[in-house]
Each structure stands twice: as C-alpha cells, then as structure tokens.
Amino acid sequence: MKKILLTLLLISGFITAQMPDISSVWMNNSEPYLGTITAEKIPMKVKINISEQDKKNDQEYFVSGFSLVEKTNTKFEGKLKITKYKDAQKRSSIFGEYELAEEGTGKHSGILKGKFIYTFMWNKKTEKIENQFIEFIGNWKSYDGNLEYPTNWKNQ
C-alpha cells in the first residue's frame, strides 16, 4: 500500500511540475540576434522586444519584435515552443521550434519558421546561468510562396 501511495505521489509531482518562466532569455539582454538569410548569406538582425510565457501551456512563449534585412525593417509576432529539455552536469540544452509571422503583405513579408537550441551552464555557487548560446535555424518563406530562403541567427 505504501509503495502505491509513493508511486502516485511521484506521478502527481511530475504532472504538476511547471516549466520555469524563462521568457527573459529570448529577449537576449535587449540585444539583437545576428545571422544571415539566403544562400548568399545576406546579414540579418532579429530583435525580440516582448516575450511572455503562455499561461495555459508553460512550454510555449509568445514573442514579438522586428527583423532587419538590408534596409527592410519588419515587425513580427509569433511563438516559441519547447519540445525537449536535456539536463546535463556541465551543459544543459533546451530544444524547440519557432514560427514568427511578419506584418505586411508585400513580396518581402512572410514567415520565419524552424528549430532552435538554447544551451547554458548552471553555476551552483552563484545560482545563475552562464555561457548562454541560442541559435535559430530555419527558413523564411514569403506569404505569396514565391520566395523561400534559409535563415540562421544567434546571440552574440
């Protein structure tokens, strides 16, 4: 009987465990992510200004900001979704997917979509995250479907 009770307590602990709110991580200390778009690797900046954890699904974050490619500055909003967490003694990783919809209807407006990885080290003495690295790898596709380019952007 005690074993069954202990098992039920452990299971309920896992079910009710909540992902900590790491929404500030995605804003990258108010710095833009730097990267490239297209096979020719045209410079690209992505800045996330707002990040909020979804209250109904703590594995998802609503974000908004803007992208800058050459002289085209475009606002976007979308979602980051955590799909896997790997805790390691030295370096932990969070894996996920993103989809960001740009404002506008022109041929240079579309959707950024792909996967991300966030790696970091936890300092037990200071109880703070150190050596953060965030990388987004995916594609940008125009709303009309005529243009599609690979993208890659990361924190600096």
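Anything mentioned here points back to the structure above.
Chains are numbered independently. Their residues run from 1 in the order of the written sequence. Since the coordinates come from a predicted model, pLDDT governs what is reported: local features require at least 70, and pairs of side-chain atoms require 80 or more to be given and counted, while whole-chain, interface and lining totals use all residues. To obtain the side-chain values, all non-hydrogen atoms of the structure were used and water was disregarded.

Caption draft 1: View of the overall build of the chain. Each helix is a run of H or I in the DSSP string that is no shorter than four residues. Each strand is a run of E no shorter than two, and both are numbered from the N terminus. Looking only at helices and strands, the chain features two helices and eight strands. Start at the N end of the chain and walk to the C end: the helices and strands fall as α-α-β-β-β-β-β-β-β-β. Burial status across the chain gives 34% buried among its 156 residues. Residue burial is assigned from relative accessible area. The probe radius is 1.4 Å, only protein chains are included, and a residue is buried under 20% of its type maximum, exposed over 50%, and partly exposed in between.

Caption draft 2: Here's a closer look at the environment of Glu77. In this fold, Glu77 is placed in strand β4 (residues 72-86). Looking at Glu77, the relative accessible area reads 56%, which means it is exposed. Every residue pair with non-hydrogen atoms within 4.5 Å of one another is taken to be in contact. In this structure, Glu77 is in contact with Val63, Ser64, Glu99, Leu100 and Ala101, ignoring residues within four places of it in sequence.

Caption draft 3: Main features of the packing of aromatic side chains. The criterion for an aromatic pair is that two Phe, Tyr or Trp rings (for Trp, the six-membered ring) have centres within 6.5 Å, with stacked assigned to planes under 30 degrees apart, edge-to-face to planes over 60 apart and tilted to the rest. According to the stated counting rule, one finds eleven aromatic pairs in the structure shown. With centroids separated by 5.1 Å and ring planes inclined at 70°, the aromatic side chains of Trp26 and Phe116 adopt a geometry described as edge-to-face. You can see Trp26 sitting in helix α2 (residues 23-26) and its partner Phe116 sitting in strand β6 (residues 110-123), a full 90 residues away along the chain. Comparing Trp26 with Phe116, the two get one shared label, buried. Pairing Trp140 with Tyr149 gives two aromatic rings, centres 5.9 Å apart and planes at 10°, and the pair type is stacked.

Caption draft 4: Spatial organisation of the pairing of strand β1 (residues 33-37). A one-sided burial pattern is seen for β1, the buried positions being Tyr33, Gly35 and Ile37 and the unburied ones Leu34 and Thr36. Where β1 meets strand β2 (residues 42-53), five bridges bridge the pair, whose relative direction is antiparallel. For Gly35, the partnering residue across the bridge sits in β2 and is Met44. Where β1 folds back on β2, the antiparallel hairpin that results is connected by four residues, among which Thr38 adopts a positive phi of roughly 80°. The pairing criterion for strands is at least two bridges between them, as found by DSSP.

Caption draft 5: Expanded view of the sheet that holds strand β3 (residues 60-69). In spatial order, the strands read β1-β2-β3-β4-β5-β6-β7-β8; together these eight strands close into a barrel with antiparallel pairing. On average, each strand axis in the sheet is tilted by 25° relative to the strand beside it, whichever way the strands run. Where β2 meets β3, nine bridges bridge the pair, whose relative direction is antiparallel. Note on β3: the bridge partner recorded for Ser51 is Val63. In this description, a line fitted to the C-alpha atoms serves as the axis of each element, helices being fitted only across the stretch in contact, and the angle between N-to-C directions of two axes falls anywhere from 0 to 180 degrees.

Caption draft 6: Representation of the environment of Pro32. Mapped onto the fold, Pro32 is located in the loop between α2 and β1. Given the relative accessible area of 24%, Pro32 is considered partly exposed. Those residues in contact with Pro32 that sit more than four places away from it in its chain are Lys45, Val46 and Lys47.

Caption draft 7: Examining the nonpolar core more closely. Throughout, nonpolar core names a set of buried Ala, Val, Leu, Ile, Met, Phe, Trp, Tyr and Cys residues whose side chains join them through atoms within 4.5 Å. The biggest cluster of nonpolar side chains holds 25 residues, and the ones touching the most others in it are Trp26, Leu80, Tyr98, Phe116, Phe136 and Trp153. The set of elements that each furnish at least two residues to this core consists of α2, β1, β2, β3, β4, β5 (92-102), β6 and β7 (128-142). With four residues, β6 is the largest single contributor of residues to this core. Aside from chain neighbours lying at most four places away, what touches Phe116 is Trp26, Leu80, Lys81, Ile82, Ile94, Phe95, Gly96, Glu97, Tyr98, Glu135 and Phe136.

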